[in-house]
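This is what each chain is made of:
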Amino acid sequence: MSAQLLGLSASDIAARPRAPRFGEAPGCVKVGHYRRDMPVTMARMMENALDWEHLPSLHSSSFSTIELIDSGPWGWRASAEVAGGNGTAERGQVIELLLDTQQHCWVTTILAGVGEGNQIHTQAVTLDAENIQVQVDFYVPDTGLQDEVRKQYGEALSAIYRQLYDEDESMMARRQHEMQAWQDFRRGGADEVEKDLGSVDAVEAALPLIVPFRGGRFKLDWKNDRFTIFSVRCPHMLGPLDDAPVVDGAVTCPWHGYRFDVRTGACNGHPGLSLETPPEVTVTDPGGRVVLRRSSF
Ligand code: FES
Ligand SMILES: [Fe+2]
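Residues numbered from 1 in each chain as written. Chains lettered and ligands numbered in written order. Predicted model: local features only at pLDDT ≥ 70, side-chain atom pairs only at ≥ 80, totals over all residues. Heavy atoms only, no water.

Caption draft 1: Broad picture of the pattern of salt bridges. A complete count under the given rule lists 20 salt bridges for this structure. Between Glu96 and Arg16 there is a salt bridge; the shortest N-O distance is 2.7 Å. Here Glu96, found in strand 4 (residues 92–100), pairs with Arg16, found in the loop between helix 1 (10–14) and strand 1 (28–38); they are 80 residues apart in sequence, far enough to count as distant. Of the residues examined, Glu96 reaches a relative accessible area of 1% and is grouped as buried. Residue classification places Arg16 among the partly exposed residues on the basis of a relative accessible area of 31%. Across the pair Arg44 and Glu47 runs a salt bridge whose closest N-O atoms are separated by 2.9 Å. Within this pair, Arg44 and its partner Glu47 are both found in helix 2 (residues 42–50), separated by 3 residues, close to a single helical turn. Residue classification places Arg44 among the buried positions, given a relative accessible area of 8%. Given a relative accessible area of 23%, Glu47 falls into the partly exposed group. (Salt bridge = Lys/Arg side-chain N within 4 Å of Asp/Glu carboxyl O. Helix = DSSP H or I, 4+ residues; strand = E, 2+ residues; numbered from the N terminus. Buried < 20%, exposed > 50% of the residue type's maximum accessible area, 1.4 Å probe, protein only.)

In structure tokens, the structure reads:
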């Protein structure tokens, strides 16, 4: 499906500059500001700014779909639909994000559709090795809005960004944690061959269980008279599958919406991605204990 350009031509979009004009918004007026400290690294923040694909999954209350038009180290352009839309063009947006990775700033512009002409200028500042601050300025087209209306507009945009950054912060912090855990394991974490989880009765009473094993985390459950187990670390960008419900034998990652077959690990639509191979689940006989064993394949 080709992206909806809402009256813009593909060649006009392609001809646009790819460098942000940070702090400059000709024809616009500033209506508000939002500032926030976050316990994430600058690397995670830059990665997040370039990550167009998470909008409808992570920010499902704000966006319902997104289709990429173009992307690169300079940023991205995409056609999106704001949440609550009914598939008509009135709910659509063409969004552009231009990033300056050296200066840690970016400008998001609504090129067409809902909020057309709005610009959001964001500066990220390093506080220390693990903390940053984002400073966000909101601009709207200068149509002679009264001060009170501008103020309301700014407050509404601040409220939306507060929620977006709540969601982004949890994703970035979790990803940082998962990357660190994986590095720690590679540096010499416990390379278990097997793990005794306890008696069958005790394990069954505790299901579903998230079990750490050899640097990964796996969800153990019981279905159709047998144990089931799959990795809860999404292989795309380490998103959490812990609470994702299994529907028709598959889980959907909450970060970008990729879908995985929990039995084979295969990712629908992304043949190069697969869930980590889980350990084998065995029940000792005699003994009746549930034991995870490093998979032999
Ligand atoms: S982290 Fe992107 S789909 Fe899971
Ligand atoms: Fe986001």
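Caption draft 2: Broad picture of the coordination of the iron ion (ligand 2). Only His54 (NE2), His59 (NE2), Asp168 (OD) and Asp168 (OD) from the protein reach the iron ion (ligand 2) as donors, at distances of 2.1 to 2.4 Å. Here the iron ion (ligand 2) binds 4 donor atoms, and the angle range of 56 to 144° at the metal identifies the geometry as irregular. When the donor residues of the iron ion (ligand 2) are listed from N- to C-terminus, their spacing reads H-x4-H-x108-D. Of the two residues, His59 is situated in the loop between helix 3 (55–58) and strand 2 (63–72) and Asp168 in helix 4 (residues 147–186); the sequence distance between them amounts to 109 residues. Owing to a relative accessible area of 6%, Asp168 belongs among the buried residues under this scheme. (Donors = N, O, S within 2.8 Å, 3.2 Å for Na, K, Ca; no water. Tetrahedral: all angles 85-135°; square planar, octahedral: opposite > 155°, others 65-115°.)

Caption draft 3: Quick peek at the nonpolar core. Core analysis: the largest hydrophobic core is formed by 33 residues, its most contacted members being Met38, Met45, Trp76, Trp106, Phe138, Tyr161 and Tyr165. Non-local contacts of Met45, meaning those with residues more than four positions away in its chain, are made with Met38, Trp106, Ala124, Ile132, Val134, Tyr165 and Met172. Membership of the second largest hydrophobic core comes to 16 residues, among which are Phe230, Val251, Trp255 and Tyr258. (Core = buried A, V, L, I, M, F, W, Y, C linked by side-chain atoms within 4.5 Å. Contact = heavy atoms within 4.5 Å.)

Caption draft 4: Fine view of the domain arrangement of the protein. Annotation of the protein at the domain level lists domain 1 (10–183) and domain 2 (194–293). For domain 1 versus domain 2, the distance between C-alpha centres works out to 35 Å. Carbon and sulfur atoms make up 56% of the surface buried where domain 1 meets domain 2, a total of about 1200 Å² over both sides. At the boundary of domain 1 and domain 2, one finds 6 residue pairs in polar contact (both at pLDDT 80 or more). Broken down by secondary-structure element, the contributors of at least two residues to the side of domain 1 that touches domain 2 are helix 3 and helix 4. It is helix 4 that contributes the most residues to the side of domain 1 that touches domain 2, 6 residues altogether. Along the lines of polarity and charge, the residues of the side of domain 1 that touches domain 2 split into 4 nonpolar, 2 polar and 6 charged. (Domains from an automatic or database assignment. Buried area = accessible area lost by both parts, 1.4 Å probe. Polar contact = N/O pair within 3.5 Å; in protein donor to acceptor, adjacent residues only side chain to side chain. Nonpolar A, V, L, I, M, F, W, Y, C, P; charged D, E, K, R; others polar.)

Caption draft 5: Spotlight on the sheet that holds strand 5 (residues 105–113). The sheet built from 7 strands is open, its strands ordered 1-7-6-5-4-3-2 with antiparallel pairing. The open sheet terminates on both sides in strands that have one partner only, identified here as strand 1 and strand 2. Between one strand axis and the next, the sheet turns through 20° on average, direction left out of account. Pairing analysis gives 8 bridges linking strand 2 to strand 3 (residues 75–82), with the strands arranged antiparallel. In the sheet register, Thr65 faces strand 3, and the bridge partner there is Glu81. Strands strand 1, strand 5, strand 6 (119–128) and strand 7 (131–141) of the sheet are contacted by helix 4, whose axis makes an angle of about 30° with strand 1. (Pairing = 2+ DSSP bridges. Axes fitted to C-alpha atoms, helices over the stretch in contact; angles between N-to-C directions.)

Caption draft 6: Main features of the environment of Arg233. Structurally, Arg233 is set in the loop between strand 11 (226–231) and strand 12 (250–252). In this structure Arg233 comes out as buried when scored by relative accessible area, which is 5%. Between the alpha carbons of Arg233 and Cys253 there is a distance of 9.2 Å; along the sequence they are 20 residues apart. Excluding residues that lie within four positions of it along the chain, Arg233 makes contacts with Glu178, Trp182, Gly215, Gly216, Arg217, Leu238, Gly239, Leu241, Leu275 and Glu276. Within the structure, the side chain of Arg233 is placed 3.0 Å from the side chain of Glu276, a separation counted as a polar contact.

Caption draft 7: Representation of the sheet that holds strand 8 (residues 194–199) within the structure. Within the open sheet, the 3 strands sit side by side as 8-15-14. Their pairing is antiparallel. Each having just a single partner strand, strand 8 and strand 14 (280–283) make up the two edges of the open sheet. If you compare each strand with its neighbour and ignore which way they point, the axes differ by 25° on average. When strand 8 meets strand 15 (residues 289–293), the two strands line up antiparallel, connected through 5 bridges. Residue pairing in the sheet places Ser199 in a bridge with Arg289 of strand 15.

Caption draft 8: Quick peek at the packing of aromatic side chains. This structure, assessed with the given rule, holds 5 aromatic pairs. Ring geometry for Trp222 against Phe227: centres 4.8 Å apart, planes inclined by 85°, an arrangement best described as edge-to-face. According to the relative accessible area criterion, Trp222 is partly exposed, its value standing at 37%. According to the relative accessible area criterion, Phe227 is buried, its value standing at 13%. Grouped by ring-pair contacts, the aromatic residues Tyr34, Phe138, Tyr161 and Tyr165 constitute a single cluster. (Phe/Tyr/Trp six-rings, centres within 6.5 Å; stacked < 30°, edge-to-face > 60°.)

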